[in-house]
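Residue-level structure breakdown
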Amino acid sequence: QQQVKQSPQSLIVQKGGISIINCAYENTAFDYFPWYQQFPGKGPALLIAIRPDVSEKKEGRFTISFNKSAKQFSLHIMDSQPGDSATYFCAASVRGNYGQNFVFGPGTRLSVLP
Amino acid sequence: ETGVTQSPTHLIKTRGQQVTLRCSSQSGHNTVSWYQQALGQGPQFIFQYYREEENGRGNFPPRFSGLQFPNYSSELNVNALELDDSALYLCASSLLTEAQYFGPGTRLLVL
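Residues numbered from 1 in each chain as written. Chains lettered and ligands numbered in written order. Predicted model: local features only at pLDDT ≥ 70, side-chain atom pairs only at ≥ 80, totals over all residues. Heavy atoms only, no water.

**Quick look at the state of the cysteines**
- Under the defined criterion, the tally for this structure stands at two disulfides over all chains.
- Through a disulfide, Cys-23 of chain A is tied to Cys-90 of chain A; the S-S separation comes to 1.9 Å. Across the S-S bond linking Cys-23 of chain A and Cys-90 of chain A, the dihedral sits near -95 degrees, which makes this disulfide left-handed. Taken as a pair, Cys-23 of chain A in strand 3 (residues 19-25) and Cys-90 of chain A in strand 9 (residues 86-92) lie far apart in primary sequence, 67 residues in all.
- Using a relative accessible area of 3% as the deciding quantity, one classes Cys-23 of chain A as buried.
- Between the sulfur atoms of Cys-23 of chain B and its disulfide partner Cys-91 of chain B the distance amounts to 1.7 Å. Taking the sign of the S-S torsion, about -50 degrees here, the bridge from Cys-23 of chain B to Cys-91 of chain B comes out left-handed. Placement of the pair is Cys-23 of chain B in strand 3 (residues 19-24) and Cys-91 of chain B in strand 9 (residues 87-94), with a sequence separation of 68 residues. No difference in accessibility class separates Cys-23 of chain B from Cys-91 of chain B, as the two residues are buried. (Disulfide = S-S within 2.5 Å. Helix = DSSP H or I, 4+ residues; strand = E, 2+ residues; numbered from the N terminus. Buried < 20%, exposed > 50% of the residue type's maximum accessible area, 1.4 Å probe, protein only.)

The following block contains the structure:
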């Protein structure tokens, strides 16, 4: 129940295209869903996050779509650029008075071709 | 505002040894979480420290222990190192229930 599933494992997109990465969870107590971007040799960097009281959040070229009933959420990268080539992780947590424990998906390796 | 820093960047140890990894949290943050990231996998939660006390723990044995200091910096200690402990160890700082910001990690190789 603590798992977060992520697909696809890898993704190749042409420059200017839309990259879509999907995640699914089981634990209905999760109430915070961030996406992280990680380049080789670096720590994950927070991209965008959403809480389950909204169905969509957009920041620049990055959009999270959230479907509470299906327990799924996805990251859309519009106008994908070669510089977006990285590994993307979705995560989920329960935010309580005693902090939060993030559960990460296994990651999606995105390659954007020039 | 300074970001999360970790030291050392790389470390090589032999099986059975002990290791200490260090993390300085981002200015203004009071919570530090540690994660283990094996090659090609997502980060796995080890534990979290808030106000110098352990505040949650993942599925890791007791030989993984930590400390948080009054300035909110933190240490991760691993005793009796095993080959499977080879990984990138990530520290993330935050306010207790807000977004976590990761450091660059310490890559540990156990031979």
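**Here's the deal with the nonpolar core**
- Within the largest apolar cluster, 25 residues are counted, with the highest numbers of intra-cluster contacts made by Phe-33, Trp-35, Phe-73, Leu-75 and Tyr-88 of chain A.
- Broken down by secondary-structure element, the contributors of at least two residues to this core are strand 2 (10-14), strand 3, strand 4 (33-38), strand 5 (45-50), strand 7 (62-67), strand 8 (72-77), strand 9 and strand 11 (108-113) of chain A.
- Here this core gets four residues from one element, more than from any other, and that element is strand 9 of chain A.
- Once residues lying within four places of it in the same chain are set aside, the contact partners of Tyr-88 of chain A are Gln-6, Ile-21, Tyr-36, Gln-37, Leu-47, Leu-75, Ile-77, Gly-107, Thr-108 and Leu-110 of chain A.
- Residues Val-4, Leu-21, Val-32 and Leu-81 of chain B belong to the second largest nonpolar core, which totals 19 residues. (Core = buried A, V, L, I, M, F, W, Y, C linked by side-chain atoms within 4.5 Å. Contact = heavy atoms within 4.5 Å.)

In short, the description is geometric, and any link to function would need to be established separately.
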